Amino acid sequence: MTLLIVMPDKTKQAESWARHLRKLDPEIGIHIWPEAGTPEEVEMALSWRHRPGEFLKYENLKCIASMGAGVDHILCDPNLPPNVAVTRVVDPSMAQSMVEYVVMTVLNHCRQTHEYYREQRRKEWKPKIPRTADNLCVGIMGLGHLGMNVALRLKQMGFSVVGWRRTEAAADSVTTFHGREGLRSFLAASNVLVCLIPLTPETRGILNRELFDQLPADAFVINVARGEHLVEDDLLAALDSGVLSGACLDVFCREPLDPGHPFWSHPRIVVTPHISSLTQPARVAPQIVENYHRMKTGRPLLHTVDPDRGY
Ligand code: GLV
């Protein structure tokens, strides 16, 4: 039985994963794609953005583990072998990192930090009244592991927080709306909208003109989920017409973002290179090795996703 690390074009990172996994269990036979050893021996794959159809080559494959919190890059493959478990990463350090990124962005929005950066370069002294936590409601779309951590931290800091999830869940500790019916009320309350939902056929393009129009005046959008959630032209139109006051984007349909893309130079868009919550192999390797052993001994795997639901 072997484990195949599949990270097209990222050999250095794949080697780092292999080192961390071997440190925890030197007995695991590890291959780095495209070298796969004997294909029939591959029973587990650790993957980030594989080439579609790749996994059909391994007839004894039992589990595909995503290297990240998202699994859309696996489930979008129309030629995924049937009956293979798909797992994702659930990690407190990734949640902490996401909390820090969103808190930083919300505070930058409140304090208009990016305006001050521009004014400093022009040597302009222009004090502004800050937006304050008691006057600002942050709406978190997606109350999974990451979303709930972000929501609770912002609440602790004195912000009003509302959440939105696809289906009703028991006893959320923030005010939560759910389903299509709840979306309108959720949006109407959200001065800052944080997108943290999984990418599924249902949520692709959800950040569009119709949604922006339902936000309060002066709203700000933070996308830390996937680029495909956003209709890019609708965002530009909403910013240029004053429907939105700004946006902070960490994810894009095409990464790296094309040098000619209008987001780079838009005065009300902050671009970061998909760094809101990076997987750290040293921290995450233990759960991959744990699942490898669970698989070998026929025990239930940790952090499996439902491929039909998409997360
Ligand atoms: C990053 O985007 C992840 O899915 O962890």
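Sequence order sets the numbering: in each chain, residues are counted from 1 along the sequence as written. It should be noted that, the model being predicted, local features are given only for residues of pLDDT at least 70 and side-chain atom pairs only at 80 or more, the latter also being counted only at that level, while totals for whole chains, interfaces and linings use all residues. Hydrogens are left out, water is left out, and the side-chain values use all remaining heavy atoms of the structure.

Peer 1: Lay out the pattern of salt bridges with the relevant residues and their values.
Peer 2: Within this document, salt bridges are pairs made up of a side-chain nitrogen of Lys or Arg and a carboxyl oxygen of Asp or Glu, the two lying within 4 Å of each other. Evaluation of the coordinates by the stated rule reveals 12 salt bridges. Put simply, E43 and K62 hold a salt bridge, and the shortest N to O gap is 2.3 Å. Residue E43 is located in strand β3 (residues 42-47), and its partner K62 is located in the loop between β3 and β4 (63-66); the two are separated by 19 residues in the primary sequence. Burial here depends on accessible area, computed with a 1.4 Å probe over protein chains only, as a share of the maximum for the residue type. Under 20% is buried, over 50% is exposed, and the range in between is partly exposed. Classification of E43 as buried rests on a relative accessible area of 15%. With relative accessibility at 41%, the residue K62 sits in the partly exposed group. Taking the shortest distance from any N to any O, the salt bridge between E290 and R294 comes out at 2.7 Å. Note that E290 and R294 are positioned in helix α9 (residues 281-296) at a spacing of four residues, about one turn of the helix. Classification of E290 by relative accessible area gives partly exposed; the value is 29%. Ionic contacts of the salt-bridge type, sharing partners, join the residues R122, E124 and K126 into one network. Helix and strand definitions here come from DSSP, where helices need a minimum of 4 consecutive H or I residues and strands a minimum of 2 consecutive E residues; each element is numbered from the N-terminal end.

Peer 1: Tell me about the pairing of strand β6 (residues 137-141), and name the residues and values.
Peer 2: Along β6, five of the five residues are buried, which leaves the element largely enclosed by surrounding structure. Across the two faces of β6 the burial is the same, with C137, G139 and M141 and V138 and I140 all buried. For two strands to be treated as a pair, DSSP must find no fewer than two bridges joining them. Summarising the sheet, β6 and strand β7 (residues 160-165) pair through five bridges and their orientation is parallel. Counted as the bridge partner of C137 is S160 from β7. Handedness of a crossover is defined as follows: orient the strands so they point away from the viewer, and if the path from the first strand over the helix to the second runs clockwise, the crossover is right-handed. For the handedness criterion, the β-α-β arrangement of β6, helix α5 (residues 145-156) and β7 is classed as right-handed. Summarising the sheet, β6 and strand β9 (residues 192-195) pair through four bridges and their orientation is parallel. Residue pairing for β9: I140 is matched across the bridge by V194.

Peer 1: Which residues make up the packing of helix α3 (residues 92-111) against α5, and what are the values?
Peer 2: When two helices pack together, their arrangement is given by the angle between the helix axes and by the axis-to-axis distance. Orientation is described by lines fitted to C-alpha atoms, with helices fitted over the stretch in contact, and by angles between N-to-C directions that extend from 0 to 180 degrees. Between α3 and α5, whose axes approach to 9 Å, the crossing angle comes to 50°. The angle between α3 and α5 falls in the class oblique. The chirality of how α3 crosses α5 is right-handed. Of the residues in α5, those touching α3 at P92, M94, A95, Q96, M98, V99, V102, V103 and V106 are H145, L146, N149, V150, R153 and L154. Only Asp, Glu, Lys and Arg are considered charged in this grouping, and only Ala, Val, Leu, Ile, Met, Phe, Trp, Tyr, Cys and Pro are considered nonpolar; every other residue, Gly among them, is considered polar. Of the residues in the contact of α3 with α5, the class split is 11 nonpolar, three polar and one charged. Should an angle fall under 35 degrees it is called roughly parallel, over 145 degrees roughly antiparallel, and 65 to 115 degrees roughly perpendicular, with every other angle called oblique. Each crossing gets its handedness from the near helix: less than a right angle anticlockwise from the far helix is left-handed, clockwise is right-handed. Should any heavy atoms of two residues lie within 4.5 Å, those residues are counted as being in contact.

Peer 1: Describe the sheet that holds β4, with residues and values.
Peer 2: Two strands in a sheet stick together by hydrogen bonds in their backbones, pointing the same way (parallel) or opposite ways (antiparallel). In space, the five strands of this open sheet follow the order β2-β1-β3-β4-β5, with parallel pairing throughout. Strands at the two margins of the open sheet, each flanked by one partner only, are β2 (29-32) and β5 (85-87). Averaged over all neighbouring strand pairs, the angle between strand axes comes to 20°, with direction disregarded. Against the sheet, helix α1 (residues 11-24) contacts β1 (2-6), β2 and β3, and its axis sits at roughly 175° relative to β2.

Peer 1: Tell me what's going on with the packing of aromatic side chains, and back it up with residues and numbers.
Peer 2: Two aromatic rings from Phe, Tyr or Trp, using only the six-membered ring of Trp, form a pair when their centres are within 6.5 Å; if the ring planes differ by under 30 degrees the pair is stacked, by over 60 it is edge-to-face, and anything between is tilted. One pass over the structure, following the stated rule, counts two aromatic pairs. Here F252 and F263 contribute two aromatic rings whose centre-to-centre distance is 6.3 Å and whose plane-to-plane angle is 55°, an arrangement assigned as tilted. With F252 in the loop between β11 (244-249) and β12 (269-271) and F263 in the loop between β11 and β12, this pair connects stretches of sequence that are 11 residues apart. You'll find F252 and F263 in the same group, each marked buried.

Peer 1: With reference to specific residues and values, describe unusual backbone geometry.
Peer 2: Geometrically, the link from W33 to P34 is a cis peptide bond, its omega value of 10° lying close to zero. Relative to the elements of secondary structure, P34 occurs in the loop between β2 and β3. A cis geometry characterises the amide bond from E255 onward to P256, with omega recorded as -5°. Checked against the element boundaries, P256 lands in the loop between β11 and β12. Look at R49: it is not a glycine, yet its phi comes out positive at around 55°. Topologically, R49 is positioned in the loop between β3 and β4. In this structure, Q112 takes a positive phi of about 55° despite not being glycine. Within the element layout of this structure, Q112 appears in the loop between α3 and α4 (113-121).

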